[in-house]
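Single-letter residue listing:
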Amino acid sequence: MTEITYYVAATLDGFIAGQQGELDWLHPFEQAGTDYGLADFMATVDGLAMGRGTYEVTRSFGDWPYGERPAWVLSRQVAPAEGALPSCVHWGAAQPRDLVAQWSGLGLQHVWLVGGGQVAGQFLQAGLVDHLMLATIPVTLGAGLPLWGAQRPMSPQHWALHAHQAYPNGVLTQHFR
């Protein structure tokens, strides 16, 4: 069975990006030598899923940072021209349950929901998020892209705290199951 983890940085008021997708509020917390556990987490991941907006932000940083791990970009928009996508990237619209079945069939053990909130919200609503790893950044934006995407009715889900770490700069990482 494929395990799904939503690992994301969010503000104290529950946003993962500014209103236009900006991430500049994260820059003061990108300290040399501190990756808040990302490298250790990445070592456990063998697949990725993200929305089109997250894909575009990731590509704006330059080289594809995820190596040859298979990645799914969930979008109803037409895929970029052939050759524009890394060879490991699959593009298209799909339902969360169908994706999990596909990932299990491919033998993927651990898929990271990179973002954004809309994609994570769909997986949460379907009851398919096994782990939430949240890096809470001591910033408030007042508005932006919410942690779980657009508000939609959801059943309560209870999470157990598995681990946490507080950093001197105020960042708090939490791992819930």
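See above for the structure.
Here's a quick rundown of the structure. Note that the structure is predicted; figures quoted are calculated from it, not measured.

### Describing the pattern of salt bridges
Inference 1: Under the definition given, this model contains one salt bridge.
Inference 2: Between R52 and E56 there is a salt bridge, with its nearest N and O atoms 3.1 Å apart. Highlighted residues: R52 and E56, both in helix α2 (residues 52–60), separated by four residues, approximately one helical turn.
Inference 3: On the basis of relative accessible area, R52 is assigned to the partly exposed category, the value being 27%.

### Considering the environment of F29
Inference 1: Along the chain, F29 turns up in the loop between β2 (15–17) and α1 (38–42).
Inference 2: The class of F29 is buried, set by a relative accessible area of 12%.
Inference 3: A sequence separation of 108 residues divides F29 from I137, and the C-alpha atoms of the two residues are 8.0 Å apart.
Inference 4: Ignoring any residue separated from it by four or fewer positions in sequence, one finds F29 in contact with Y36, I137, P138, V139, N169 and V171.

### Regarding the pairing of strand β4 (residues 71–74)
Inference 1: Residues A71 and V73 point to one face of β4 and W72 and L74 to the other, with burial holding for every one of them.
Inference 2: Here strand β3 (residues 47–51) pairs with β4 via four bridges, running parallel. Along β4, the bridge assignment pairs G51 with L74.
Inference 3: Sheet analysis places β4 next to strand β5 (residues 89–92), joined by four bridges and oriented parallel. Note on β5: the bridge partner recorded for W72 is H90.

### A few points about the environment of N169
Inference 1: Checked against the element boundaries, N169 lands in the loop between β9 (161–166) and β10 (172–176).
Inference 2: When the C-alpha positions of N169 and F29 are compared, they lie 7.5 Å apart, and in sequence the two are 140 residues distant.
Inference 3: Setting aside anything within four residues of it in sequence, one finds N169 in contact with F29, Q31, Y36 and P138.
Inference 4: A polar atom in the side chain of N169 sits 2.7 Å from the side chain of Y36.
Inference 5: In terms of polar contacts, N169 uses its side chain to reach the backbone amide nitrogen of V171, at 3.2 Å.

### Thoughts on the side chain of T58
Inference 1: The residue T58 is located in helix α2 in this model.
Inference 2: Residue T58 is classed as buried on the basis of its relative accessible area, which comes to 7%.
Inference 3: In this structure T58 touches W64, P65 and Y66, once residues within four positions along its chain are discounted.

### Considering the nonpolar core
Inference 1: If you look at the biggest cluster of nonpolar residues, it comprises 25 residues, and the most contacted ones within it are I4, Y6, W103, L113, F123, L147 and W148.
Inference 2: Elements supplying a minimum of two residues to this core: β1 (3–11), β4, α3 (96–105), β6 (110–115), α4 (117–125) and β7 (131–137).
Inference 3: In this structure, F41, L48, W64 and M133 belong to the second largest nonpolar core, which totals 17 residues.

So, how was this worked out
Residues numbered from 1 in each chain as written. Predicted model: local features only at pLDDT ≥ 70, side-chain atom pairs only at ≥ 80, totals over all residues. Heavy atoms only, no water. Salt bridge = Lys/Arg side-chain N within 4 Å of Asp/Glu carboxyl O. Helix = DSSP H or I, 4+ residues; strand = E, 2+ residues; numbered from the N terminus. Buried < 20%, exposed > 50% of the residue type's maximum accessible area, 1.4 Å probe, protein only. Contact = heavy atoms within 4.5 Å. Pairing = 2+ DSSP bridges. Polar contact = N/O pair within 3.5 Å; in protein donor to acceptor, adjacent residues only side chain to side chain. Core = buried A, V, L, I, M, F, W, Y, C linked by side-chain atoms within 4.5 Å.

Read these as geometric descriptors, not functional statements.
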